[in-house]
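Given next are the chains, with one letter for each unit.
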Amino acid sequence: MPKAPLPVKTVLECWAPWCGASHRMAMQLTELAAELEPHIAFSRLNADEMPETLGEFQVRVLPTLLFLDTRGLELARLEGECGRAEIEATLDAHAAARA
């Protein structure tokens, strides 16, 4: 019998200091982190400092949000600038993460 997928445990923001969309999303991610941590960790990955990690996740667009399970495997992603509602909808799709 297959195991149920694990809930989102980490939201990894792939960003760059020169990316305006990354800066515009920063406040809503900070607010969500304040509400959801420690149940869900919010982390940032600077594309300029860690391009090899971006390659491992096949990130081609900044900003990109990766929704990862406890094993670090990708459950979902949002590419480009997105709003809080879209981020929350993605988290809700993995409802156990918000329990």
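Scroll up for the structure.
These numbers were taken from a predicted model, which means no experiment stands behind them.

Engineer: So what exactly am I meant to see when it comes to the overall build of the chain here?
Structural biologist: Scanning the chain for helices and strands turns up 3 helices and 4 strands. Along the chain, from the amino end to the carboxyl end, the secondary structure elements read β-α-β-α-β-β-α. Here the chain, with 99 residues, has 40% of them falling under the buried criterion. Accessible surface for the chain amounts to roughly 5700 Å². Of this, 57% is attributable to carbon and sulfur atoms.

Engineer: Honestly, the side chain of Thr-90 in this entry has me stumped. Any pointers?
Structural biologist: Mapped onto the secondary structure, Thr-90 falls in helix H3 (residues 84–92). If we ignore the near neighbours within four places in the chain, the residues touching Thr-90 are Phe-67, Ala-76 and Leu-78.

Engineer: Please explain unusual backbone geometry as it appears in this structure.
Structural biologist: A negative phi holds for most residues other than glycine; trans holds for most peptide bonds. The step from Glu-37 to Pro-38 runs through a cis peptide bond, and the omega angle for that step is 15°. Note that Pro-38 resides in the loop between helix H1 (20–36) and strand E2 (41–46). Although it is not a glycine, Gln-58 adopts a positive phi angle of roughly 55°. On the basis of relative accessible area, Gln-58 is assigned to the exposed category, the value being 53%.

Engineer: Sorry if this is basic, but what is going on with the nonpolar core here?
Structural biologist: Nonpolar side chains in soluble globular proteins generally cluster together in the buried interior. Counting 16 residues, the largest nonpolar core has Val-11, Ile-40, Phe-42, Leu-65, Phe-67, Ile-87 and Leu-91 as its most contacted members. Among the secondary structure elements, those contributing two or more residues to this core are H1, strand E3 (64–68), strand E4 (74–79) and H3. In terms of residues, this core owes the most to one element, H1, which gives 5 residues. In this structure, Leu-65 is in contact with Val-11, Leu-12, Glu-13, Met-25, Leu-29, Ala-76, Arg-77, Leu-78, Cys-82 and Ile-87, ignoring residues within four places of it in sequence. Counting 11 residues, the second-largest nonpolar core is a separate cluster that includes Cys-14, Ala-16, Ala-21 and Leu-54.

Engineer: What is the right way to read the pattern of salt bridges from this model?
Structural biologist: Two side chains that carry opposite charge are able to pair once their charged atoms sit near each other. Inspection of the entire model under this criterion finds 8 salt bridges. A salt bridge links Glu-35 to Arg-84, with the nearest nitrogen and oxygen atoms 2.6 Å apart. Taken as a pair, Glu-35 in helix H1 and Arg-84 in helix H3 lie far apart in primary sequence, 49 residues in all. We classify Arg-84 as partly exposed; its relative accessible area is 22%. For Glu-79, the salt bridge goes to Arg-77, with nearest N and O atoms at 3.4 Å. Classification of Glu-79 as partly exposed rests on a relative accessible area of 44%. What you see here is one network of salt bridges that share partners, running through Glu-31, Glu-35, Arg-84 and Glu-88.

Engineer: I keep staring at the sheet that holds E4 and nothing clicks. Help me out?
Structural biologist: Hydrogen bonds along the backbone pair up the strands of a sheet, which may run parallel or antiparallel. The strand order E2-E1-E3-E4 describes an open sheet built from 4 strands, whose pairing is mixed. Across the chains shown, the open sheet's two edge strands, defined by having one partner strand only, are E2 and E4. Here the average twist between neighbouring strands, direction ignored, is 20°. In this structure, E3 lies alongside E4, joined through 5 bridges in antiparallel fashion.

What counts and what doesn't
Residues numbered from 1 in each chain as written. Predicted model: local features only at pLDDT ≥ 70, side-chain atom pairs only at ≥ 80, totals over all residues. Heavy atoms only, no water. Helix = DSSP H or I, 4+ residues; strand = E, 2+ residues; numbered from the N terminus. Buried < 20%, exposed > 50% of the residue type's maximum accessible area, 1.4 Å probe, protein only. Areas by Shrake-Rupley, 256 points an atom, 1.4 Å probe, with all protein chains shown as cover. Contact = heavy atoms within 4.5 Å. Core = buried A, V, L, I, M, F, W, Y, C linked by side-chain atoms within 4.5 Å. Salt bridge = Lys/Arg side-chain N within 4 Å of Asp/Glu carboxyl O. Pairing = 2+ DSSP bridges. Axes fitted to C-alpha atoms, helices over the stretch in contact; angles between N-to-C directions.

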